[in-house]
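# Chains, contacts and geometry: an overview
Residues per chain are reported as follows:
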Amino acid sequence: MDEAQAVIIGGGVAGASIAYHLTDLGWTDVVLAERSDLTSGSTFHSAGLVGQLRSSVSLTRMMMYSVELYRRLQTETGVDPGWHEVGSLRLASSGERLEELQRLAGWGRTFGLPLEIVSTEEALDRFPLFDPRGVQCAAYLPTDGYVDPSGLTMALAEGARRRGCRILTGARVNGMDVREGRVRGVTFEGRGPIRTNVVVNAGGIFANQLGRMAGVEVPVVPFAHQYLLTEPIDGIDAGLPTLRDPDRLVYFRAEAGGGLVAGGYERRPAPWAWDEKGPPAGFNNELLPADWPRFEPLAEGCFGVIPAMESAGVVRMINGPEAFTPDGEFILGESDIGGFFVAAGFCAHGIAGAGGVGKVMAEWIAEGRPELDVWKMDLRRFGRHYRSRTHAKDRASEVYATYYDIHYPGEERRAGRPLKMAPTYVRLAGLGAEFGEKSGWERPNWFRTNEDERFEELRPRGWAGRHWSTAIPAEHLATREGAGLFDETSFAKIEVTGPDACRFLQRICANDVDVSPGRVVYSQLLNDRGGIECDLTATRLDPVRYLLITGTAFGSHDLAWIRGGAGPEDDVEVRDVTSSLACLALWGPRARDILSSVTPADLSNLGFPYMTQREIVAGDVPCLALRVTYVGELGWELYPPTEFALRLWDVVLEAGRPFGLVAAGYRAIDSLRLEKGYRAWGADITPEETPLEAGLRFAVKLDKGEFTGRDALRLIEVQGPSKRLSCLVLADPRSVALGNEPVFGDGKVVGRVTSGGVGYAVGKSIAFAYLPTDLATAGTSLSVEVFGARVDAEVAPEPLYDPTGERIRF
Ligand SMILES: Cc1cc2nc3c(=O)[nH]c(=O)nc-3n(C[C@H](O)[C@H](O)[C@H](O)COP(=O)(O)OP(=O)(O)OC[C@H]3O[C@@H](n4cnc5c(N)ncnc54)[C@H](O)[C@@H]3O)c2cc1C
């Protein structure tokens, strides 16, 4: 039987780039299988714009790498990808848009993206045809451009071919051989199967169908996306920068013949062939019929930006399907089926992203992990509910329709809600909960009934004050002074059981989890580089059973990481038990008084010490109680079987009234944890940082024996980390950094904010950032750029709140 190291399905730009990069890493026995011809999917009808500035640092870095690659491809492969580095302009026609550009420019500076804000006149010099009325300024990025999508694909495929990749066209995959949780091969229509341990699904709009062949749900949703090409217009030449006017929802680029390519993101998107059946099997090298009525509002936008377009004839309209995702981010990575990878859902920027996608995927396949933190793009961020095609379609439609909108921090998506609700949901709603959504779960951000006008003077300036409420400081301070009751049922819960549970967890956890039953351990799980893959608590329930608790959004990610760490020699079972347990957290100095009034259990510090667990009964409700905190106060997380949760909520809330207990939400948790210096995974700590850099050395036991990441940490400890997560306090307590703002020292960018907010008890605006070690000492004066304005900041000793930890240990 035919064999290969890897079979990549899909000869679009993504598949070709993965083949290019995988062969570059030395995997020569690679097959690129395309059912028709190369570039016969979305790639062939792309507009080819390459814009690098994106929603996350990693994605932007991937785009920056793409540009680097496109510049050199011709020399390397002899095939011209048609790269034109003409620069790009993004217009700002409102005060908010100007603020957005300033924020983006600051952010771009933190990783060397040469983005500058230019005056309207300067922008006109570069692109003389736009109407300057109402335009306040523009962002100019000289290294953006456009590329010929087919040329690019052919160049990448040629690079791969030269290094041994076999390119099979007319090779339609019709099945996957999956056994014992691993992919073993692929089968084709009309040709023999190929045995392989690595399959990459780069099937574009067919990625969902291909995924289902392996039992993997890939929630891509095809949308019809349109642009038109005009006849030549005076003043248009191929050297003009690309142009975007997000307020009018449109983008442009010049064509070699002097015409304009103009497209955009309409408010009423058109999902296409999105249901269970998926796109028709024979849809190749095809376009959809032009949909003029749908383009009309975009045409208006185009004429508003470039009046000369109004009198230009249209050569043709391109209407082609493209794979979008429910959250507007790519879908990359390995699935729960070992060796089955996915690279799809490029949301109309797959040409710009292809270089980076190929590199990340090749590293993932060949080295186990990509170098960059790509959690936001990881396939495993989607929960089971994305098996619903309607839900995926509704979410993706909202993302498409609001693509060019300014997304203010704290903004919530609306489509497909509510879906996952805690048993307390109706009660929380009755208490005026303002719900946010995380991984499908409805979670209270704050309670309107806690609003208190006295705190209005604390409202953060600018954007940070938009999705904000006086209830946040009210709940924060009530928790510090009395107690807060938080519903955290959405926490992901994983049970690890079996004779080898302890030995296995010792091998994948950085902390020592070989503790006596009843103890709770806070630990990170590391990759081989020492980077933080998971951040959780492990509770030893009995000698052969652990309960791991991790963040709402990280359940499937952590589950996959943990399962991936288990070998055939490990006699363990790893189960997701999220739905079986609710979680109510009671925190605050009065927590013991409150809980004591509803339970006969000994809650004294001696009888129930910090970081331990007991089975208790509270108000007739049996629950597992963990004495832990994420807010820096005395308290317990109570885990009753789900069906008891509502009763427990009522009992505890009622009992707490005389002690000043309030129902409180997630925004208060965030401000509480910030001033206590607790790290948030995905923001402050990621697979790119180690515990030594993140200030989590206390949770690492280097001498406990072998564990993943130990050798890397040992080396870093000897050399000394080059950066450290530091706590900055801003001089103006109402200027709030939200994440990604540049940090300046001596006029140079020295770091980037990982997370920020206000600590209402300490009365300070706080921002975390990784700083070079010589600057990471208390008292260092720096500044943080918040919406274009430099705000003085100082590195503060950590934590700001309760540095001795006495409030959690009494
Ligand atoms: C109108 C329009 C304009 C766009 N403009 C831009 C732009 O300006 N900039 C930008 O960056 N992006 C743009 N995009 C998006 C970009 O074109 C896509 O993101 C990109 O081409 C996707 O590449 P891909 O390789 O994932 O998918 P595709 O190119 O669709 O490749 C998937 C391949 O998989 C093959 N396949 C499917 N099923 C099987 C099977 N069973 N067996 C074997 N092979 C199979 C298909 O035949 C296809 O060739 C645009 C898209 C559209 C529609």
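Before reading further, recall that the structure is shown in the block above.
Residues numbered from 1 in each chain as written. Predicted model: local features only at pLDDT ≥ 70, side-chain atom pairs only at ≥ 80, totals over all residues. Heavy atoms only, no water.

Time to look at the overall build of the chain. Counting its regular elements, the chain contains 17 helices and 40 strands. Its C-alpha atoms give the chain a radius of gyration of 27 Å, within 12% of the compact-globule value 28 Å for 810 residues. Principal axes of the C-alpha set define a box for the chain whose edges measure 80 × 65 × 55 Å. When the 810 residues of the chain are sorted by exposure, 63% land in the buried category. Pairs at least 24 residues apart make up 72% of the contacts formed inside the chain by residues separated by at least 6 positions. Carbon and sulfur atoms make up 50% of the accessible area of the chain, which totals about 29200 Å². In the chain, the 86 positive side-chain charges and the 109 negative ones have mean positions that sit 3 Å from each other. (Helix = DSSP H or I, 4+ residues; strand = E, 2+ residues; numbered from the N terminus. Rg over C-alpha atoms; globule rule 2.2 N^0.38 Å. Buried < 20%, exposed > 50% of the residue type's maximum accessible area, 1.4 Å probe, protein only. Contact = heavy atoms within 4.5 Å. Areas by Shrake-Rupley, 256 points an atom, 1.4 Å probe, with all protein chains shown as cover. Lys, Arg positive; Asp, Glu negative; His and termini not counted. Charge placed at Lys NZ, Arg CZ, Asp CG, Glu CD.)

Pairing is antiparallel across the open sheet formed by 5 strands, whose spatial order is β26-β27-β28-β25-β29. Each edge of the sheet is formed by a strand with only one pairing partner; in this case those strands are β26 (520-526) and β29 (573-576). Each neighbouring strand pair of the sheet contributes to a mean axis angle of 30 degrees, computed without reference to strand direction. Running over the sheet, helix α13 (residues 555-565) touches β25 (492-497), β26, β27 (532-542), β28 (545-550) and β29 and is turned about 80 degrees from β27. (Pairing = 2+ DSSP bridges. Axes fitted to C-alpha atoms, helices over the stretch in contact; angles between N-to-C directions.)

What follows deals with the sheet that holds strand β34 (residues 661-663). On the basis of which strands lie adjacent, the open sheet formed by 6 strands has the order β31-β32-β33-β30-β24-β34 and mixed pairing. Of all the strands in the sheet, just β31 (613-618) and β34 have a single pairing partner and so form its edges. In this sheet, adjacent strand axes meet at a mean angle of 25 degrees when their direction is disregarded. Pairing between strand β32 (residues 621-626) and strand β33 (residues 635-639): 3 bridges, direction antiparallel. Of the residues in β33, the one forming a bridge with Leu624 is Tyr639. Sitting on the sheet, helix α15 (residues 645-656) touches β24 (483-487), β30 (584-587), β31, β32, β33 and β34, and the angle it makes with β34 is about 140 degrees.

As a further point, take the pairing of strand β35 (residues 723-730). Across the 8 residues of β35, 6 count as buried, placing the element largely inside the fold. Sheet analysis places β35 next to strand β38 (residues 764-772), joined by 8 bridges and oriented antiparallel. In the sheet register, Leu730 faces β38, and the bridge partner there is Ser765. Bridge analysis of β35 against strand β40 (residues 789-796) gives 4 bridges, and the strand direction is antiparallel. Bridging from a neighbouring strand, Leu728 pairs with Val795 of β40.

Our focus in this paragraph is α15. Taking 1.5 Å of rise per residue, 12 residues should cover 16 Å, and α15 covers 16 Å from first to last C-alpha, within 8% of that figure. Three or more residues of α15 are buried, namely Ala645, Leu648, Trp649, Val651, Val652, Leu653, Ala655 and Gly656. (Expected span 1.5 Å × (residues − 1).)

Near the ligand there are 38 residues, and of these Glu34, Ser42, Thr43, Glu322 and Ala352 occur at the shortest range. Within the contact set of the ligand, a nitrogen atom lies 3.1 Å away from a backbone nitrogen or oxygen of Ala47. Between a nitrogen atom of the ligand and a main-chain N or O atom of Ala348, the distance comes to 3.1 Å. Within the complex, 98% of the 1000 Å² of free accessible area of the ligand lies under protein. Going through the elements one at a time, α1 (13-24), β14 (221-230), β19 (314-324) and α8 (350-367) are the ones with two or more residues in the shell around the ligand. (Near = heavy atom within 4 Å. Polar contact = N/O pair within 3.5 Å; in protein donor to acceptor, adjacent residues only side chain to side chain.)

You can see Arg395 is positioned in helix α9 (residues 389-401). On the accessibility criterion, Arg395 (5% relative accessible area) is buried. Within the structure, the side chain of Arg395 is placed 3.1 Å from the backbone oxygen of Ala415, a separation counted as a polar contact. A polar atom in the side chain of Arg395 sits 3.2 Å from the side chain of Glu437. Leaving out residues up to four positions away in the same chain, Arg395 has contacts with Pro326, Tyr386, Arg413, Ala415, Arg417 and Glu437.

The topology assignment puts Glu633 in the loop between β32 and β33. Polar contacts involving the side chain of Glu633 include one to the side chain of Arg480, which spans 2.9 Å. In this structure the side chain of Glu633 is engaged in a polar contact, spanning 2.9 Å, whose partner is the side chain of Arg807. Ignoring any residue separated from it by four or fewer positions in sequence, one finds Glu633 in contact with Thr479, Arg480, Trp587, Gly588, Pro589, Tyr801, Arg807 and Ile808.

Structurally, the position occupied by Asn285 is in the loop between β18 (270-271) and α7 (292-305). A sequence separation of 241 residues divides Asn285 from Phe44, and the C-alpha atoms of the two residues are 7.5 Å apart. In this structure Asn285 touches Ser36, Asp37, Thr39, Ser40 and Phe44, once residues within four positions along its chain are discounted.

This brings us to the pattern of salt bridges. In the structure shown here, the tally under the stated rule is 62 salt bridges. Between Glu96 and Arg466 there is a salt bridge, with the nearest N and O atoms lying 3.6 Å from each other. Residue Glu96 is found in helix α3 (residues 95-109), and its partner Arg466 is found in the loop between β23 (441-447) and α11 (471-481); the two are separated by 370 residues along the sequence. For Glu96, a relative accessible area of 32% gives the class partly exposed. Take Arg466: its relative accessible area is 41%, and that puts it in the partly exposed class. In this structure, the salt-bridge partner of Asp570 is Arg503, at a minimum N-O distance of 3.3 Å. (Salt bridge = Lys/Arg side-chain N within 4 Å of Asp/Glu carboxyl O.)

Inspection of every chain in the model, using the stated rule, returns 23 aromatic pairs. Aromatic side chains Tyr630 and Tyr678 sit 5.9 Å apart centroid to centroid with 10 degrees between the ring planes, which places their arrangement in the stacked category. Of this pair, Tyr630 sits in the loop between β32 and β33 while Tyr678 sits in the loop between α16 (666-676) and α17 (710-719), placing them 48 residues apart in sequence. By relative accessible area, Tyr630 is classed as partly exposed at 27%. The ring of Tyr140 has Arg126 lying over it, and the distance from NZ or CZ to the ring centre is 4.0 Å. In this structure, Lys359 is placed above the aromatic ring of Tyr65, and the distance from its NZ or CZ to the ring centre is 5.5 Å. (Phe/Tyr/Trp six-rings, centres within 6.5 Å; stacked < 30°, edge-to-face > 60°. Lys NZ or Arg CZ within 6 Å of the ring centre and 35° of its normal.)

Looking now at the environment of Gly264. Structurally, the position occupied by Gly264 is in strand β17 (residues 260-264). Residue Gly264 is classed as buried on the basis of its relative accessible area, which comes to 0%. Excluding residues that lie within four positions of it along the chain, Gly264 makes contacts with His225, Gln226, Leu249, Val250, Tyr251, Leu298 and Tyr400.

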